[in-house]
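Residues per chain, in single letters:
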Amino acid sequence: MPPDSVHTDEPCESAVPPARTEARTGERERLWSPLFVAIVAATLCCFMVGQGLNSGTSVFLARMGNTAAFAGALAAVFSASAAVARIACGPLVDRAGRLRVMVAGAVLLLVGTLLPALSSNDIVFVVCRVVQGVGFSAATTASATAAADVLPRSRLGEGIGYYGLGQALAMSVGPALALLLVNTDPAANLYLGLAGMAALCVVLTAFCRYERNPSRLPATAAYRRLFEERERRAADRKNRRSASGAADAEPTTEERGLQRVFEPSALPGALPMLVLSPAFGFGIFFAGLYGTTLGVGNPGLFYTLSALSMIAVRLKSKSFMDRVAPIKVFTASTACGLAGFALLLAAGASEIAYYAAGILYGACLGVSMPLNQSVAVKNTPPERWGAANALYLLASDIGIGIGSAVWGVVNDAAGFPVTICCVMGCILASWVVAWFSYPKPARPHNQP
């Protein structure tokens, strides 16, 4: 049984206390270890494959003579498979271990990506979309949990921010790479290229072998502390048995019902993401189309600028992610999102406004995704981080999937300006949800 299955009667904060080493030495704990680099790189590859499949499959099918309806049905198959897999993967990650689920998911993603290059049969495409969805969900749920495992407690929010950069960048770079590959000859290069990236993901996940040797992790890393606590309790039980001569069973807490699948403590981070992610769905699926309809010279530059903006904001994350109250950070993030979509409304009169919107969109995406994931994780006991990440990622998947479908209907009925106004409504609503759901910062003891 992995050490993260240990349950304690203490709250999360006491189970993983703030780092004392930093206070004694005056030095910050190390963030970038080879292990964390491998997890971030594997995550980037996995999300690049997932986003590339989502954006490139419809173009590939069109070139093969299939209908848009079939492409839409396959998108629904992928989303449904990913959602169902999230439900199973959360507790599986907590019980079977991060490495096993991560490697299995990456292998499934590789197989599901490679097969369409070998056969264009419609049934094969349907089966492959199921395999892709399951593999993508398994690998990303396990890697998100692994990233939180290996980070020092004092820099957890900052580290999750860098981890989230892999997800955010993939939303911008993945579609662009897929379109480049699918427009080569033959179009099946789309699947060959993405399969190569999935293979790299498999290789990188194989290096994430920290569960058998937690001493490799920082002293304040949650996984290492849980392992040490388990060892201490085992020694205490052995001593008590020796003294009393009677068996002393370890107390356990059995989750029941939905709590076995999802972690309710993660809702403060998952709920704002559920409401906000439809805005990101518009950016992924419709921002380029909107620029094309406006006659913008290079609509793809929107994604390039958004990616650069994400990188810049993540490089500055250490100055605010673990030091500023989450609601203040989220307020700044949603303000950037509202300003970016307001510029999109004005893009009909100015091409520069369209490109500037990409910068603000990237800032919003690059901050809000890791911030909400950090809130979900920090509010959850470490032994339930797998279920917490599954709930957070499921909220993001549902929001993007449903939101994108709704935006297509609204756009056909009322046009892009009305759709963009609805997107801005989602951003504002997400801030309201965060205001009520985010944990309130603790007051100093000398204040009433």
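Since the structure is predicted, the reported quantities are computational estimates derived from the model, not experimental observations.

A. Seen up close, the overall build of the protein. Counting secondary structure elements, the protein contains 15 helices and zero strands. Within the protein, the proportion of its 448 residues that are buried is 52%. Summarising the internal contacts of the protein: among those between residues at least 6 apart in sequence, 84% fall at separations of at least 24.

B. Representation of helix H13 (residues 351–378) in the model. Relative to the 40 Å expected for 28 residues at 1.5 Å per residue, H13 spans 41 Å between its end C-alpha atoms, a close match to the ideal helical length. Within H13, 22 of the 28 residues are buried, which leaves the element mostly enclosed by the surrounding structure.

C. Summary view of the side chain of Thr 145. Looking at where Thr 145 falls in the secondary structure, it is placed in helix H6 (residues 122–150). When near neighbours in sequence (up to four residues on either side) are disregarded, Thr 145 contacts Val 93, Arg 98, Trp 385, Gly 386 and Asn 389.

D. Focus on the packing of aromatic side chains. Going through the model one piece at a time under the given rule, you end up with 19 aromatic pairs. Each ring, one from Phe 60 and one from Tyr 191, has its centre 5.0 Å from the other, and the planes form 85°; the classification is edge-to-face. With Phe 60 in helix H3 (residues 34–63) and Tyr 191 in helix H8 (residues 189–205), the pair connects residues that are 131 residues apart, well separated along the chain. Tyr 191 carries the same exposure label as Phe 60, and that label is buried. Here the aromatic rings of Phe 280 and Tyr 361 are separated by 6.1 Å at their centres, their planes lie at 80°, and the arrangement is edge-to-face. Here Phe 280 is found in helix H10 (residues 267–294), whereas its partner Tyr 361 is found in helix H13, with 81 residues between them in sequence. Among the aromatic residues, those joined into a ring-pair cluster are Phe 280, Phe 282, Phe 286, Tyr 290, Phe 302, Tyr 303, Phe 341, Tyr 354, Tyr 355, Tyr 361 and Phe 416.

E. View of the confidence of the model for the protein. Within the protein, residue pLDDT values average 81, and 85% of them lie at 70 or more. Counting interchain partners and residues more than four positions distant, the pLDDT-below-50 stretch residues 248–254 has eight contacts.

F. Geometry of the environment of Glu 29. Counting through the fold element by element, Glu 29 comes out in the loop between helix H2 (21–25) and H3. Exposure remark for Glu 29: the relative accessible area of 10% places this residue in the buried category. On a C-alpha basis, the gap between Glu 29 and Pro 218 in space is 7.8 Å, while along the polypeptide they are 189 residues apart.

G. Up close: the layout of surface pockets. Roughly 1400 Å³ of volume is contained in the largest pocket. Asn 54, Ala 75, Ile 284, Phe 285 and Ser 404 are the residues nearest the centre of the largest pocket, which is lined by 50 residues in total. Elements represented by at least two residues in the lining of the largest pocket include exactly H3, helix H4 (68–96), H6, helix H7 (156–182), H10 and helix H14 (385–414). Of the residues in the lining of the largest pocket, the class split is 29 nonpolar, 18 polar and three charged.

H. A look at the nonpolar core. Counting 85 residues, the largest nonpolar core has Phe 282, Phe 341 and Leu 344 as the members making the most contacts within it. Ranked by the residues each element gives to this core, the list is headed by H13, at twelve residues. Ranked by size, the runner-up nonpolar core spans 31 residues in total, among them Leu 53, Leu 61, Phe 70 and Leu 204.

I. The arrangement of the state of the cysteines in detail. All chains considered together, the criterion is met by zero disulfides. With no disulfide partner, Cys 208 has as its closest neighbouring cysteine sulfur the one in Cys 201, 9.0 Å distant. Accessibility expressed as a relative area gives 1% for Cys 208, which makes it buried. Cysteine Cys 422 remains unbridged, with the sulfur of Cys 421 as its closest cysteine sulfur at 7.1 Å.

J. Highlighting a nonpolar patch on the surface. Residues Val 107, Val 111, Leu 114, Leu 115, Leu 118 and Leu 192 make up a contiguous nonpolar surface patch of roughly 490 Å² in combined accessible area. Secondary-structure assignment places Val 107 in helix H5 (residues 98–118). Judged by relative accessible area, which is 36%, Val 107 ranks as partly exposed.

K. Focus on the pattern of salt bridges. Under the definition given, this model contains two salt bridges. Among the salt bridges present, the one from Asp 397 reaches Arg 86, with a minimum N-O distance of 2.8 Å. Of the two residues, Asp 397 sits in helix H14 while Arg 86 sits in helix H4, which places them 311 residues apart along the sequence. Taking the relative accessible area as the measure of exposure, Asp 397 reaches 26% and is therefore partly exposed. Overall, Arg 86 belongs to the buried group, its relative accessible area being 0%. Asp 149 serves as the salt-bridge partner of Arg 98, at 2.5 Å between the closest nitrogen and oxygen. Residue Arg 98 is located in helix H5, and its partner Asp 149 is located in helix H6; the two are separated by 51 residues in the primary sequence. Overall, Arg 98 belongs to the buried group, its relative accessible area being 0%. On the basis of relative accessibility, which here comes to 1%, the residue Asp 149 falls in the buried class.

Analysis parameters
- Residues numbered from 1 in each chain as written.
- Predicted model: local features only at pLDDT ≥ 70, side-chain atom pairs only at ≥ 80, totals over all residues.
- Heavy atoms only, no water.
- Helix = DSSP H or I, 4+ residues; strand = E, 2+ residues; numbered from the N terminus.
- Buried < 20%, exposed > 50% of the residue type's maximum accessible area, 1.4 Å probe, protein only.
- Contact = heavy atoms within 4.5 Å.
- Expected span 1.5 Å × (residues − 1).
- Phe/Tyr/Trp six-rings, centres within 6.5 Å; stacked < 30°, edge-to-face > 60°.
- pLDDT = per-residue confidence, 0-100.
- 1 Å grid on protein atoms, 1.4 Å probe; cavity = no way out; pocket = protein on both sides within 12 Å on 5 of 7 lines; lining within 4 Å.
- Points joined across faces, edges and corners; volume = space filled by probe spheres on them.
- Nonpolar A, V, L, I, M, F, W, Y, C, P; charged D, E, K, R; others polar.
- Core = buried A, V, L, I, M, F, W, Y, C linked by side-chain atoms within 4.5 Å.
- Disulfide = S-S within 2.5 Å.
- Patch = residues over 30% accessible without salt bridge, like charges linked within 9 Å, V, L, I, M, F, W, Y side chains within 5 Å.
- Areas by Shrake-Rupley, 256 points an atom, 1.4 Å probe, with all protein chains shown as cover.
- Salt bridge = Lys/Arg side-chain N within 4 Å of Asp/Glu carboxyl O.

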